[in-house]
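Residue-level structure breakdown
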Amino acid sequence: MKILQLLIIGALICFIMPAGAGDTLTATLSVGSGSPGMPPQNASVYISDAKAAVAERNWTDVLLVTTRGIAWYPDNADLLCIQSYSYRKMGQYAKSVDIVSKGILLDPKPVRYANRGYSYLALGNYQAALADAETGIALNASYPATYSVKALALQGMGMNTGALAAIEQALALDPESAHYWHVKGVLLAAGGNCTDAREALEKSLVIDPDYTLPWPGFSGARESLAALDSTCTPATQASSHPPPTKSTASGIAVISVAGALIVLGMRK
């Protein structure tokens with residue numbers, strides 16, 4: 001009898017539920033509250049909520065909020081850029097490139113090129129990262145992040161001198177960036193300037209020892225500093241035995257010839 005009553009109640013619930021309610025429930029779960037034909041919030045609300053999640057470094061929440069926002073506002077470049085940022089922080093670099101590329105087509109800005117440039121760096125595509133950095137700089141030469149991307153791209157291509165010049169430009173625009181001082185320390189260490197590298201890395205840690213790294217595989221300033229003694233070879237050691245100068249070489253040649261003549265004379 002009780003089983004029969006439960007079946008009757010269940011049937012009544014099914015008949016009472018309006019047609020399309022299942023679709024509405026699915027929409028609510030995927031994009032939040034609101035009717036299927038009307039967005040539950042303005043795009044700016046999604047953007048604000050996503051930025052709040054970024055500040056907390058809650059990349060899962062960032063992805064959730066931006067996904068809901070993009071469902072209603074698929075052509076909002078800000079939401080696309082923030083979502084791309086979260087994908088990069090979660091290590092999904094190719095996905096990050098795809099998403100931010102859509103935002104760049106809609107509204108090209110230096111921040112979007114820097115965002116994609118960092119993803120290219122994480123993928124090891126230094127040529128593409130450099131191209132994005134140069135494009136961003138051409139759009140706005142006062143945006144520092146593009147110089148950081150340029151510095152890391154040039155380093156990846158073995159052009160350390162140009163890389164140092166680029167990161168100096170970033171620091172000139174934003175001297176209190178822990179990331180830029182970190183990059184400078186890494187570049188100085190690669191060039192054998194161990195003393196200045198240590199100072200740069202220590203300054204990065206003083207400014208912000210826990211700054212968010214551009215991508216998960218990027219070593220932190222603490223790690224770079226700890227490894228400095230074993231990874232940095234002072235430039236003076238590499239040049240402690242310089243090749244002979246032209247005059248020195250000539251002198252050696254003269255001495256050798258004179259020695260040879262003496263030997264020949266002794267043999268006569």
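Given the structure is predicted, the values throughout are model-derived calculations rather than measurements.

**Points about the overall build of the protein**
- Looking only at helices and strands, one finds 16 helices and zero strands in the protein.
- Taken over 268 residues, the protein has a buried fraction of 37%.
- A separation of at least 24 residues holds for 56% of the contacts in the protein among residues at least 6 apart in sequence.
- Looking at the protein as shown, the accessible area adds up to about 15,200 Å², and 62% of this sits on carbon and sulfur atoms.

**Concerning unusual backbone geometry**
- The backbone phi angle of R57 is positive, close to 60°, even though this residue is not glycine.
- Within the fold, R57 resides in the loop between α3 (43–55) and α4 (59–72).

**Side note on the packing of α4 against helix α5 (residues 77–89)**
- Two elements in contact, α4 and α5, have axes whose closest approach is 9 Å; the angle formed by their N-to-C orientations is 150°. For the element pair α4 / α5, the angle class is roughly antiparallel. In the crossing of α4 with α5, the sense of the turn from one axis to the other is left-handed. Where α4 approaches α5, its residues W59, V62, L63, T66, T67, G69 and I70 are matched on the opposing element by L79, L80, I82, Q83, Y85, S86, Y87 and K89.

**Details of the confidence of the model for the protein**
- Here the protein shows a mean pLDDT of 82. Residues at 70 or above account for 74%.
- In the model, residues 1–31 has pLDDT below 50 throughout and makes 10 contacts with residues more than four positions away in sequence or in other chains.
- In the model, residues 239–268 has pLDDT below 50 throughout and makes one contact with residues more than four positions away in sequence or in other chains.

**Observations concerning the packing of helix α9 (residues 145–156) against helix α10 (residues 160–173)**
- Look at α9 against α10: their axes get within 8 Å of each other, and the N-to-C directions meet at 165°. Judged by the angle between their axes, α9 and α10 are roughly antiparallel. Here α9 runs over α10; the crossing is left-handed. Each of Y147, S148, K150, A151, L154 and Q155 in α9 lies in contact with α10, whose residues at this interface are N160, G162, A163, A166, I167, Q169, A170 and L173.

**Thoughts on the nonpolar core**
- With 42 residues, the main nonpolar core has L121, V149, I167 and V183 as its most contacted residues.
- Those elements that place two or more of their residues in this core are α6 (93–106), α7 (110–123), α8 (126–139), α9, α10, α11 (178–190), α12 (194–207) and α13 (221–226).

**Looking at the state of the cysteines**
- In this structure the tally under the stated criterion is one disulfide.
- Across the disulfide, C194 is cross-linked to C232 (sulfur-sulfur distance 2.0 Å). One quick way to see it: the torsion about the S-S bond of C194 and C232 is about -95°, and its sign makes the bridge left-handed. Separated by 38 residues along the polypeptide, C194 in helix α12 and C232 in the loop between α14 (228–231) and α15 (235–238) bring together distant segments of the chain.
- On the basis of relative accessible area, C194 is assigned to the buried category, the value being 16%.

Rules of the game
Residues numbered from 1 in each chain as written. Predicted model: local features only at pLDDT ≥ 70, side-chain atom pairs only at ≥ 80, totals over all residues. Heavy atoms only, no water. Helix = DSSP H or I, 4+ residues; strand = E, 2+ residues; numbered from the N terminus. Buried < 20%, exposed > 50% of the residue type's maximum accessible area, 1.4 Å probe, protein only. Contact = heavy atoms within 4.5 Å. Areas by Shrake-Rupley, 256 points an atom, 1.4 Å probe, with all protein chains shown as cover. Axes fitted to C-alpha atoms, helices over the stretch in contact; angles between N-to-C directions. Parallel < 35°, antiparallel > 145°, perpendicular 65-115°, else oblique. Left-handed = near helix turned anticlockwise from the far one by under 90°. pLDDT = per-residue confidence, 0-100. Core = buried A, V, L, I, M, F, W, Y, C linked by side-chain atoms within 4.5 Å. Disulfide = S-S within 2.5 Å.

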